[in-house]
Amino acid sequence: ISKGDNNDNLIFQKVWGWDREKSNTDNLEYLLFSADVIVPRPTSNSENIATDIVGNIAERFYFQARVEKDETKNDAITLRDGSVTVKRSIQAPSIGGNAVGGWWGLFRGANQILAEFRLVGEFRCRGVKLD
């Protein structure tokens, strides 16, 4: 995926984890998959996300793509639209750099046990014909 002729390219290193799931909220089917993506160096990295040697961010994206099944074509599926999320660690509350509260002491030193998925975008899919 490219935004132009400069270094704004996303590099998909790996895509995996295909899983079909029916949503409890809208009763539609979704295909869930993950991708490891190299994102161009940001102008600021306020969340201290891991970067590679030149400062690009190595990020794992989680995709949820809505599935439509075509019964006239042997139940072929088409991906239509969906959302993209990233996982972020939940930071323990602190005062002066020291964690506070007894609950957080239980998880101290265990990175990413407590995490949340944050919505970062939406997408649309369309079929392409391969020659």
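Not measured: the values here are computed from a predicted model.

As for the confidence of the model for the chain
- Scored by pLDDT, the chain comes out at a mean of 75, with 64% of its residues at no less than 70.
- Mean pLDDT values over the elements of the chain span from 54, in helix H1 (residues 102–107), up to 90, in strand S2 (residues 29–39).
- Predicted confidence for residues 1–6 stays below pLDDT 50, and this span has eight contacts to residues more than four positions away or in other chains.

Describing the environment of Ser89
- Looking at the element boundaries, Ser89 is found in strand S4 (residues 76–89).
- Linking Ser89 and Ala115, residues 26 residues apart in sequence, is a C-alpha distance of 4.2 Å.

Things to note about the environment of Asn9
- Relative to the helices and strands, Asn9 resides in the segment before strand S1 (11–22).
- Residue class for Asn9 comes out partly exposed when judged on its relative accessible area of 35%.
- Each C-alpha atom of the pair Asn9 and Val39 lies 7.2 Å from the other, and the pair is 30 residues apart in sequence.

Overview of the packing of aromatic side chains
- Counted under the stated rule, the structure contains four aromatic pairs.
- Ring centres 5.0 Å apart and planes at 90° place the aromatic pair Tyr62 and Phe117 in the edge-to-face group. Of this pair, Tyr62 sits in strand S3 (residues 57–70) while Phe117 sits in strand S7 (residues 115–124), and the two are 55 residues apart along the sequence.
- What makes Phe117 exposed here is its relative accessible area of 52%.
- Grouped by ring-pair contacts, the aromatic residues Trp18, Phe33, Phe63 and Phe123 constitute a single cluster.
- Taking NZ or CZ as reference, Lys14 lies 4.6 Å from the ring centre of Trp16, over its face.

Here's the deal with the sheet that holds S1
- Taken in spatial order, the five strands make up an open sheet running S1-S2-S3-S4-S7, and their pairing is antiparallel. Looking at strand neighbours, the two that pair on one side only are S1 and S7, the edges of this open sheet. The mean inter-strand angle of the sheet, taken between neighbouring strand axes irrespective of direction, is 25°.
- Strand direction decides the pairing type here: S2 and S3, joined by ten bridges, are antiparallel. Directly across from Phe33, in S3, lies its bridge partner Phe63.

What counts and how
Residues numbered from 1 in each chain as written. Predicted model: local features only at pLDDT ≥ 70, side-chain atom pairs only at ≥ 80, totals over all residues. Heavy atoms only, no water. pLDDT = per-residue confidence, 0-100. Helix = DSSP H or I, 4+ residues; strand = E, 2+ residues; numbered from the N terminus. Contact = heavy atoms within 4.5 Å. Buried < 20%, exposed > 50% of the residue type's maximum accessible area, 1.4 Å probe, protein only. Phe/Tyr/Trp six-rings, centres within 6.5 Å; stacked < 30°, edge-to-face > 60°. Lys NZ or Arg CZ within 6 Å of the ring centre and 35° of its normal. Pairing = 2+ DSSP bridges. Axes fitted to C-alpha atoms, helices over the stretch in contact; angles between N-to-C directions.

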